[in-house]
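Structure assessment
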Amino acid sequence: MSKAGRLVVLVSGSGTNLQALLDASADPSYGARVVAVGADREGIEGLARASRSGVPTFVEKVGDYATRAEWDSAIAARIAAYEPDLVVSAGFMKILGSPSLDAFPVLNTHPALLPSFPGAHGVRDALAHGVKVTGCTVMLADAGVDTGPIVAQEAVVVLPDDDEKVLHERIKTVERRLLVEIVGRMAREGWTVSGRSVRIGNHTGGEST
Ligand code: GRF
């Protein structure tokens, strides 16, 4: 069973999911704390949030490397330096390569109910399809685009006047709460993966909390 006390969080933008994890981990009983924040670009609010919390940061830009494989190795090395139990890709707009995926468990969050609407425009694509219910998904990352084993999902109703921005903000309110809950439970209770099935906590005793 894996446990998740030390978190490295990866961001590409505003970092409100990161902020929710920073806020939760201020309480020692949460069971996990953010030990570093990484990004694929400079000048983003996510990095500023980390600095304001006194958390070390690093930036690895794909464009600084001759090949994607070199970036994959470089970011894996930066992450490894902080010895994470769990890497959280929270609005990180890159797919990690095998140097990271083979070395650490990576949790990802997505603003749609996978396997519907994977990719960078999950909210826009759900709206364009005319769905009446969408939501958010927390999953373990694999080499695909939002294809890893699902850990948790929560539904959000689409309202008639929603545009992408309004709907995404409503989803993000749910997404932050779900991510904080799941990371905390993974840290405190551990988790196991069997094929596509992810279970939090030890269920072998027949009773779970
Ligand atoms: C989240 O909805 C995440 O799922 C998506 O981008 C958003 C990031 O928000 N990929 P933030 O940077 O955590 O505020």
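As the structure is a prediction and not an experimental result, all values here were calculated from the model.

1. Focus: the sheet that holds strand 3 (residues 57–59)
- Strand order across the open sheet formed by 7 strands is 3-2-1-4-5-6-7, with mixed pairing between neighbours. Two strands bound the open sheet, and with one partner strand each, they are strand 3 and strand 7 (150–157). When the angles between neighbouring strand axes are averaged without regard to direction, this sheet yields 20°.
- Running at roughly 155° to strand 3, helix 2 (residues 45–52) makes contact with strand 1 (6–11), strand 2 (33–39) and strand 3 of the sheet.
- Against the sheet, helix 6 (residues 164–189) engages strand 1, strand 4 (86–89), strand 5 (106–110), strand 6 (133–140) and strand 7, with an angle of about 150° to strand 7.

2. Remarks on the pattern of salt bridges
- A complete count under the given rule lists 10 salt bridges for this structure.
- For Asp40, the salt bridge is made with Lys94, and the minimal N-O distance between the two is 2.7 Å. Remark: Lys94 occurs in the loop between strand 4 and helix 4 (98–101) and Asp40 occurs in the loop between strand 2 and helix 2; sequence separation between them is 54 residues.
- On the basis of relative accessible area, Asp40 is assigned to the buried category, the value being 6%.
- With a closest N to O distance of 3.7 Å, Arg68 and Asp72 form a salt bridge. Here Arg68 pairs with Asp72, and both are found in helix 3 (residues 68–80), just 4 residues apart, close to one helical turn.
- Judged by relative accessible area, Asp72 falls into the buried class, the value being 12%.
- One salt-bridge network, in which partners are shared between bridges, spans Asp40, Arg41 and Lys94.

3. Focus: the site of the ligand
- In the vicinity of the ligand, the contacting residues are Ser14, Gly15, Thr16, Asn17, Gly91, Thr109, His110, Pro111, His168, Lys172 and Glu175.
- A distance of 2.8 Å separates an oxygen atom of the ligand from a polar side-chain atom of Asn17.
- Glu175 places a side-chain nitrogen or oxygen 2.4 Å from an oxygen atom of the ligand.
- Surface burial for the ligand is 88%, taken as the share of its 370 Å² of free accessible area covered by protein chains.
- Looking at which element gives the most residues to the shell around the ligand, the answer is helix 6, with 3 residues.
- Looking at the shell around the ligand residue by residue, the classes come out as 1 nonpolar, 8 polar and 2 charged.

4. What about the UniProt feature "binding site: N(1)-(5-phospho-beta-D-ribosyl)glycinamide" (unreviewed entry) in the chain?
- Cross-referencing UniProt, the feature "binding site: N(1)-(5-phospho-beta-D-ribosyl)glycinamide" (unreviewed entry) maps to Gly15, Thr16 and Asn17 in the present numbering.
- With respect to the element layout, Gly15 can be found in the loop between strand 1 and helix 1 (16–24).
- For Gly15, the contacting residues outside a window of four places in its chain are Gly46 and Arg49.
- Along the chain, Thr16 falls in helix 1.
- For Thr16, a relative accessible area of 18% translates into the label buried.

5. Section: the pairing of strand 8 (residues 191–194)
- Across 4 bridges, the pairing between strand 8 and strand 9 (residues 197–200) is antiparallel. Its bridge partner lying in strand 9, Trp191 is registered against Ile200.
- Here strand 8 folds back onto strand 9, and the loop between the two strands holds 2 residues, one of which, Gly195, carries a positive phi near 60°.

Rules used in this analysis
- Residues numbered from 1 in each chain as written.
- Predicted model: local features only at pLDDT ≥ 70, side-chain atom pairs only at ≥ 80, totals over all residues.
- Heavy atoms only, no water.
- Pairing = 2+ DSSP bridges.
- Helix = DSSP H or I, 4+ residues; strand = E, 2+ residues; numbered from the N terminus.
- Axes fitted to C-alpha atoms, helices over the stretch in contact; angles between N-to-C directions.
- Contact = heavy atoms within 4.5 Å.
- Salt bridge = Lys/Arg side-chain N within 4 Å of Asp/Glu carboxyl O.
- Buried < 20%, exposed > 50% of the residue type's maximum accessible area, 1.4 Å probe, protein only.
- Near = heavy atom within 4 Å.
- Polar contact = N/O pair within 3.5 Å; in protein donor to acceptor, adjacent residues only side chain to side chain.
- Areas by Shrake-Rupley, 256 points an atom, 1.4 Å probe, with all protein chains shown as cover.
- Nonpolar A, V, L, I, M, F, W, Y, C, P; charged D, E, K, R; others polar.
- UniProt positions renumbered as here; feature names shortened; annotations may be inferred.

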